[in-house]
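# Structural description and commentary
Residues per chain are reported as follows:
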Amino acid sequence: MSTRKDEAADIRIVFSDVDGTLVHYPEESSSENEQAGNRILKLPPSATGMQGIISSRTLEYCRDLRRQNKKLVLISGMRTTTLLKRIPYLPRADAYCSEAGGRIFYPCQASSETDNTFTPVAFDGATQNDLIPFGITEDLEWRRRMEKPTAAGTEGFPDDGKALGSEPAVPVAKRGGLLWEYARTLESKGYVLDTNGYSTCFRVNRKQQTTISDEEFDALLLGQVPRPPALGTSTNLGCIDFYPIESGKKHCCEYLAQKFCNSNSDNVLSKHAICFCDDDNDLEMALACNHAFVPGVSSDSMAAVIQSNPSQLTATGGAGTDLEGTIATEKALELALQSITST
């Protein structure tokens, strides 16, 4: 890994996407690349029925990053309900972010007073400390930003006193907030929206459309359908996500980097952060960080960015490499660990 020439690297925080980056989805059910001492774990199916896998070595390498006194943050476009089901199978982290960065959770000591207690699943190489149960708590400062009327409003969050992963009590049709006003506008045009398990984001999936043509979907994809300037958008695995402009992976990463690094610098990501990623919704984050590792290239646009920014992004999987899936992820983590320990 080479650092930016105009900045000395002082890496303190590591961000990672989840699906397609740490977690993979083999076309057939198998123990993909399983070896002695590197058992493959199968995650619970997502709300859409997809079941991912993660390798024990991936979990070990992520633990090793934290042992180097680096903060590890998992940041994903997945719905919060899916994230919370998967936490026991994912690397232990210093923060967990769902809904394209719309919600942020921190690990805390497990308590009998909370329903949000997670017991990590055993993996090859796990220590007793790795398997200690823990709870999570939400970043309420960030949540207040998302609850503004010009953002997602308050009604999309679970009622107070309920588990963090509970479905919101208020249906989309009755939610306030600019995000949900726009959702209803799209519904009135015939678009089918995926809102289940989301509080600060919604998704439009081409495969779920019933009356919308491919041309109409492409118009939405290309930004030809009017959208309030206070809302942001990105594509993720062929779907379109919408969220408050203050959200999105890059803004969420900036907020956490400033918090963890105790810095208000606008270029805190380029000075102190690296990331792992694979898809279009990761591009802003990847280009803002000091370096990005790409274990799987999920889109032509990501491939083009890698080709035009070879000193900024390192691909360990996909076209032009001999690696894929969990092996490509392990290689990316190895390179990151080597670069961190050598500085």
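Just so we're clear, the structure is a prediction, and the values are computed from it rather than from any experiment.

Secondary structure summary: the protein contains 10 helices and 14 strands in total. Split into buried and exposed, the 343 residues of the protein put 52% on the buried side. In the protein, the share of contacts with a sequence separation of at least 24, taken over all contacts with a separation of at least 6, comes to 57%. A total of about 15,100 Å² of accessible surface is found on the protein, and carbon and sulfur atoms cover 46% of it.

Moving on to the environment of Pro-91. Its location among the elements puts Pro-91 in the loop between α2 (80-86) and β5 (95-98). Sequence separation of Pro-91 and Thr-58 is 33 residues, and the distance between their C-alpha atoms is 7.9 Å.

This brings us to the sheet that holds strand β12 (residues 273-276). Strand order in the open sheet made by the 9 strands is β7-β8-β6-β5-β4-β1-β12-β13-β14, with mixed pairing throughout. Each having just a single partner strand, β7 (117-118) and β14 (313-315) make up the two edges of the open sheet. When strand β4 (residues 71-75) meets β5, the two strands line up parallel, connected through 3 bridges. The residue bridging Leu-74 from the neighbouring strand is Tyr-96, located in β5.

Turning our eyes to something else, we now look at the side chain of Asp-194. Turning to its location among the elements, Asp-194 is positioned in the loop between α4 (178-188) and β9 (202-205). From its side chain, Asp-194 meets the backbone nitrogen of Asn-196 in a polar contact 3.5 Å long. When near neighbours in sequence (up to four residues on either side) are disregarded, Asp-194 contacts Arg-79, Phe-202, Arg-203 and Gln-208.

Before going further, it helps to examine helix α5 (residues 214-221). Of the positions making up α5, those classed as buried are Phe-217, Ala-219 and Leu-220. Projected onto a plane normal to the axis of α5, the buried residues spread over an arc of 155 degrees and lie on a single side. Where α5 is buried, its residues meet α4, β9 and β11 (239-244). Backbone geometry just downstream of α5 places Gly-223 in the positive-phi region, at approximately 80 degrees.

As for its position among the elements, Thr-150 is in the loop between α3 (140-146) and α4. Sequence separation between Thr-150 and Leu-178 is 28 residues, and the spatial gap between their C-alpha atoms is 5.1 Å. Look past the residues within four positions of Thr-150 in its chain and what remains in contact with it is Leu-178 and Ala-230.

Another aspect to go through is the pattern of salt bridges. Tallying each qualifying case throughout the model produces 20 salt bridges. Where Asp-19 meets Arg-86, a salt bridge forms, and the shortest distance between an N and an O atom there is 2.8 Å. Of the two residues, Asp-19 is situated in the loop between β1 (13-16) and β2 (40-42) and Arg-86 in helix α2; the sequence distance between them amounts to 67 residues. By the burial criterion, Asp-19 is buried, and Arg-86 matches it. One salt bridge connects Glu-60 with Arg-63, and the closest N-O pair in it is separated by 3.7 Å. With Glu-60 and Arg-63 both in helix α1 (residues 56-67) and 3 residues apart, this pair spans about one turn of that helix. Neither residue differs from the other here; Glu-60 and Arg-63 are each classed as buried. Each of the salt bridges in this network shares a partner with another, and the network as a whole consists of Glu-60, Arg-63, Asp-64, Arg-67 and Asp-130.

Here we take up the pairing of strand β6 (residues 103-109). Two elements, β5 and β6, share 3 bridges in a ladder whose sense is antiparallel. Opposite Cys-97, over in β6, you have Ile-104 as the bridge partner. The hairpin turn running from β5 into β6, its antiparallel successor, is 4 residues long, and Glu-99 in that turn takes a positive phi close to 55 degrees. Here 5 bridges tie β6 to strand β8 (residues 134-138), and the two strands are oriented antiparallel to one another. Note that in β8 the partner of Gln-109 across the bridge is Phe-134.

Examined against the element boundaries, Ser-299 turns out to sit in the loop between β13 (291-294) and α9 (300-308). Look past the residues within four positions of Ser-299 in its chain and what remains in contact with it is Asp-279 and Asp-280.

Right, let's talk about the state of the cysteines for a bit. The final tally for this structure, using the stated rule, is 0 disulfides. Here Cys-97 is not disulfide-linked; the sulfur of Cys-252 is the nearest cysteine sulfur, at 3.8 Å.

A few words on the nonpolar core. Formed by 34 residues in total, the largest nonpolar core has its most connected members in Leu-74, Ile-87 and Phe-276. Mapped onto this core, the elements with two or more residues apiece are α1, β4, α2, β8, β12 and α10 (325-341). A per-element tally of this core places α10 first, with 5 residues. If we skip the residues at most four places from it in the chain, Phe-276 touches Val-14, Phe-15, Ser-16, Asp-17, Thr-21, Leu-65, Met-285, Phe-293, Ala-332, Leu-333 and Ala-336. In terms of nonpolar packing, the next biggest core, distinct from the first, is built from 33 residues, Cys-275, Ala-292, Val-294 and Met-302 among them.

Covered by surrounding structure in β12 are Ala-273 and Cys-275 together with Ile-274 and Phe-276, the residues of both alternating faces. Looking at chain direction, β1 and β12 are connected through 4 bridges and run parallel. Counterpart to Ile-13 in the pairing with β12 is Ala-273. The pairing of β12 with β13 spans 3 bridges and is classified as parallel. Along β13, the bridge assignment pairs Ile-274 with His-291.

Rules behind the numbers
- Residues numbered from 1 in each chain as written.
- Predicted model: local features only at pLDDT ≥ 70, side-chain atom pairs only at ≥ 80, totals over all residues.
- Heavy atoms only, no water.
- Helix = DSSP H or I, 4+ residues; strand = E, 2+ residues; numbered from the N terminus.
- Buried < 20%, exposed > 50% of the residue type's maximum accessible area, 1.4 Å probe, protein only.
- Contact = heavy atoms within 4.5 Å.
- Areas by Shrake-Rupley, 256 points an atom, 1.4 Å probe, with all protein chains shown as cover.
- Pairing = 2+ DSSP bridges.
- Polar contact = N/O pair within 3.5 Å; in protein donor to acceptor, adjacent residues only side chain to side chain.
- Arc of directions from axis to C-beta.
- Salt bridge = Lys/Arg side-chain N within 4 Å of Asp/Glu carboxyl O.
- Disulfide = S-S within 2.5 Å.
- Core = buried A, V, L, I, M, F, W, Y, C linked by side-chain atoms within 4.5 Å.

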